[in-house]
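Each chain, written out:
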Amino acid sequence: MRFMVLMIPGSAERYEAGALPDEKIIAAMMKYNEELAKAGVLLALDGLHPSSKGARIRFSGGKRTVTDGPFTEAKEVIGGYWLWQVKSKEEAIEWASRCPALDGDVVEIRQVYEMSDFGPEVARQEAALVEQIDQRMDENKRRPAP
Amino acid sequence: MTHRAIEAVWRIESARLIAALARIVRDIGLAEELAQDALVAALEQWPESGVPDRPGAWLMAIAKHRAIDLLRRGKRLERKHEELGHELAARLELAEPDLVAALDDPVGDDLLRLVFISCHPVLSTEARVALTLRLLAGLTTEEIARAFLVPEATVAQRIVRAKRTLAAARVPFEVPRGAELAGRLASVLEVVYLVFNEGYAATAGDDWLRPALCEEALRLGRILAELAPQEPEVHGLVALMEIQASRAGARIGPSGEPVLLLDQDRARWDHLLVHRGLAALERAEKLGGAFGPYALQAAIAACHARARTPTETDWARIAALYDALAQLAPSPVVELNQAVAIAMAFGPAAGLALVDELASEPLLKDYHLLPGVRGDLLAKLGRFDEARAELERAASLARNARERALLLGRAAACARGPAPPHG
C-alpha cells in the first residue's frame, strides 16, 4: 500500500513567511528521513516553497481563473510531503507518529490509488459498463426527441 | 491500541530486535523466542498502558532483560561462557542498567549480520528464503506458506531445521569480509531476487500475498542498500527490481493475458519506480568498477525504461550489455537475448547469424523461444516459408495454450507476407 503523507505546519503564518526551522529540528527531520529510507519504506519526499511562489487555477462556469499566491485565507497549508510503501494503514500511522513534528503541527496520511486497486476484474466490469452505456446512447439517438 | 497497530510496530522493529538478541545470545532460535516474548508482553500491556513513546526501545529492553536473565542462570546456552569471550563474561558482572547499555550495538552491524546469517550458504535455498522472510521481513509462517503455495507445516519445518543447521554448523556471528564477502553477498542477493521473481510470476487469480512478495523483496533490497551502500551489486539488484516492478501495471492485458515488453502501454509504467531504479543504477555506477550481473541486467532494463517508445530503444547499447553479461554469466538464454538485440540494432541477418550458432545448444533444445526468435528473424528477411516452419515448431514447444496460439498466429501471418513494424 502506498500513502502520501502531508506535513501541515502548526503556524501557517510562520511557514508562509519562509522562516527556516531551528537547526535541531532540521537535524531531527533529516534523521527521521534517514530512518524511513533505512526501513525501505520511503519512496519519495519533498519540501514545498511557501504558497507565495505558487498559483491557483480555479474552475468555474466553464472558465479558468489563475490567482498567484500567497493564499492567506487558507488556514492549513501543506509544507511538504512524503510517499511511503507500507503493509497497512497502521504502519503508516506508526511511522507518522514518529515524525519530529512541532507542537501544533499535523501530519495527514492519505492512501494512494494503485493499479492493483483497478485489477483485471474491475477492468472487465468497467468495459461491460461502458458497453451498456454505449448501447443506451445508441438507443436514445434513435428515439425522437421529446 | 489495536492488535493491528501492535503488528505494525512489530513489522518495523522485529528484525532489528532479533538481530541484536542474536548477537547477545549467539543463537538464532533463542533470539527469535526472546523477541516473541517481548511481543507477547506488548500485546498484554500496551492495550491498557497505551503505546510507549519509543516502542522499539521498550521491546528491546524487555527482551534484553530476559536475555541477561537467561545468561546469568546459564540456562539454554548453546555455547559455553568461554566462547562468548572474556569481555562479555566480565560484563555479566555489571549492574543491570550498565549491562543493557553495554550490550548496545555501536557500529550498527547487527541487522547486516542477521541478513548474512539468514542467507548462509550452508542452508538450502528454500531454507534461506523461509528464514529471511521470517526473521527479516517479519512474515508469519502462514503468510510465507500462502505466498509460496506450500503447506504451512512445510515452512515451519524448514525454519526449525534451518535454525538447527546454523547452530550445528557453529556459524560465526560476523559480517563476512575480504574474499568471503562477494560469495556471501551473492547468496543474499539471490534470495532477495528469488522472492521478487516469485511475486512477479503471480497471476491474476492468485492469493494477494503472492504479488506482495515483490514489495517485500523491494523493501529488503532497499534496506540492504542502506546497510551496505558501498556494494554496487546491491544497488544493481535494487535498480533491476524497481524497474521491473514499474511495469506491473502494463504487463497484463484486459483479459488477463501477458503483454510483451515491446507491446506494453508505457503510460502505464510507474514512472516513480523507473526514476528510483535509474537512481539506484547511478549509485552502482558511481561506486566504479565493472558492473556485476545484477547491475548489467538493470542497465538493460534501464535502456528500455528510458525509451519513451519502443522505436527509441538503444538496441546497440543493449546488445553490448548482453555481451558483457554473457562473459560474466554465460548462458544460452543470455546469448539468445543478445541475438535479438543485435537484430534490432544491426538488422535481422546479423541476429540470425548468432541464433544459428545456438542451434545445436543442448540447453535450448526444447526452448520454444529459440525457433520463435529464428522464425521472426527469417520473416523479417522475407524467407516466409522457412519462418512459418520455425514458428510452427516453436508452437509445438510452447508451454501453454496462449503461447501456442500466439506463435501459430505468427506462423499463419507468414503466409500473408511482411508484418507491420513495431511501435
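The structure under discussion appears in the preceding block.
Residues numbered from 1 in each chain as written. Chains lettered and ligands numbered in written order. Predicted model: local features only at pLDDT ≥ 70, side-chain atom pairs only at ≥ 80, totals over all residues.

## Quick look at the overall build of chain A
Right, so step 1: Helix and strand counts for chain A come out as 4 helices and 6 strands.
Right, so step 2: Along the chain direction, N to C, the helices and strands of chain A fall in the order β-α-α-β-β-β-β-α-β-α.
Right, so step 3: Counting contacts in chain A only where the partners sit at least 6 residues apart, residues at least 24 apart contribute 75% of the total. (Helix = DSSP H or I, 4+ residues; strand = E, 2+ residues; numbered from the N terminus. Contact = placed C-beta atoms within 7 Å.)

## A few points about the interface of chain B and chain A
When the parts come together, some accessible area is lost, and that loss is often what is quoted as the size of the interface.
Right, so step 1: Each partner contributes residues to the interface: chain B has 20 residues there, and chain A has 17 residues.
Right, so step 2: At 7 residues, the largest contribution of residues to the side of chain B that touches chain A is made by helix H1 (residues 3–25) of chain B.
Right, so step 3: Residue classes in the side of chain B that touches chain A are distributed as 11 nonpolar, 2 polar and 7 charged. (Nonpolar A, V, L, I, M, F, W, Y, C, P; charged D, E, K, R; others polar.)

## Section: the environment of Leu36(A)
Right, so step 1: Within the secondary structure, Leu36(A) sits in helix H2 (residues 23–38).
Right, so step 2: Here the alpha-carbon distance between Leu36(A) and Ile57(A), two residues 21 residues apart in the chain, equals 34 Å.

## Observations regarding the sheet that holds strand E1 (residues 2–8) of chain A
Residue and element names in this part refer to chain A.
Right, so step 1: Pairing is antiparallel in the open sheet, where 4 strands are placed in the order E2-E5-E1-E6. Single-partner strands in this sheet number two, and they are strand E2 (42–47) and strand E6 (106–111). Ignoring strand direction, the axes of neighbouring strands in this sheet form an average angle of 15°. (Pairing = 2+ DSSP bridges. Axes fitted to C-alpha atoms, helices over the stretch in contact; angles between N-to-C directions.)

## Brief notes about the packing of helix H13 (residues 232–246) of chain B against helix H14 (residues 271–286) of chain B
Residue and element names in this part refer to chain B.
Right, so step 1: Contact geometry of H13 with H14 gives a least axis separation of 8 Å together with a crossing angle of 165°. In this view, H13 runs roughly antiparallel relative to H14, as classed from their interaxial angle. Crossing of H13 against H14: the hand is left-handed. Across from Pro232, His235, Gly236, Val238, Ala239, Glu242, Ile243, Ala245 and Ser246 in H13, the residues of H14 making contact are Leu273, Val274, Arg276, Gly277, Ala280, Leu281, Arg283 and Ala284. (Parallel < 35°, antiparallel > 145°, perpendicular 65-115°, else oblique. Left-handed = near helix turned anticlockwise from the far one by under 90°.)

## Digging into helix H21 (residues 401–414) of chain B
Helical geometry: 3.6 residues make up each α-helical turn, so side chains three or four residues apart lie on a common side.
Residue and element names in this part refer to chain B.
Right, so step 1: Taking 1.5 Å per residue as the helical rise, H21 with its 14 residues ought to reach 20 Å, and the 20 Å between its terminal C-alpha atoms agrees with that figure.
Right, so step 2: Looking at H21, one finds that the buried residues are Leu407, Arg410, Ala411 and Cys414. Viewed end-on, H21 has its buried residues packed into an arc of 100°, placing them on one side of the element. In H21, the exposed residues that point more than 90 degrees away from the buried face are Ala401, Gly409 and Ala412.
Right, so step 3: Among the structural elements, helix H19 (369–380) and helix H20 (384–397) are those in contact with the buried residues of H21. (Expected span 1.5 Å × (residues − 1). Buried ≥ 20, exposed ≤ 12 C-beta atoms within 10 Å, placed from the backbone. Arc of directions from axis to C-beta.)

## Digging into helix H3 (residues 55–73) of chain B
Right, so step 1: Its 19 residues place the ends of H3(B) 27 Å apart at the C-alpha level, agreeing with the 27 Å of an ideal helix rising 1.5 Å per residue.
Right, so step 2: The set of residues buried in H3(B) consists of Pro55(B), Trp58(B), Leu59(B), Met60(B), Ile62(B), Ala63(B), Lys64(B), Ala67(B) and Leu71(B).

## Overview of the packing of helix H18 (residues 348–357) of chain B against H19(B)
Residue and element names in this part refer to chain B.
Right, so step 1: Relative to each other, H18 and H19 sit at 150°, their axes nearing to 9 Å. When the axes of H18 and H19 are compared, the pair comes out roughly antiparallel. Note on packing geometry: the crossing formed by H18 with H19 is left-handed. Residues Pro348, Gly351, Leu352 and Val355 of H18 form the contact with H19, whose own contacting residues are Val373, Arg374, Leu377 and Lys380.
Right, so step 2: Of the residues belonging to the contact of H18 with H19, the class tally is 5 nonpolar, 1 polar and 2 charged.

## Thoughts on the nonpolar core
All names here are of chain B.
Right, so step 1: Counting 129 residues, the largest nonpolar core has Ile18, Leu21, Ala63, Leu114, Ala298 and Ala299 as the members making the most contacts within it.
Right, so step 2: Take this core: its biggest share by element is 14 residues, from H1.
Right, so step 3: Those residues in contact with Leu21 that lie beyond four places of it in its chain are Ala31, Leu34, Ala35, Ala63 and Ala67. (Core = buried A, V, L, I, M, F, W, Y, C linked by C-beta atoms within 7 Å.)

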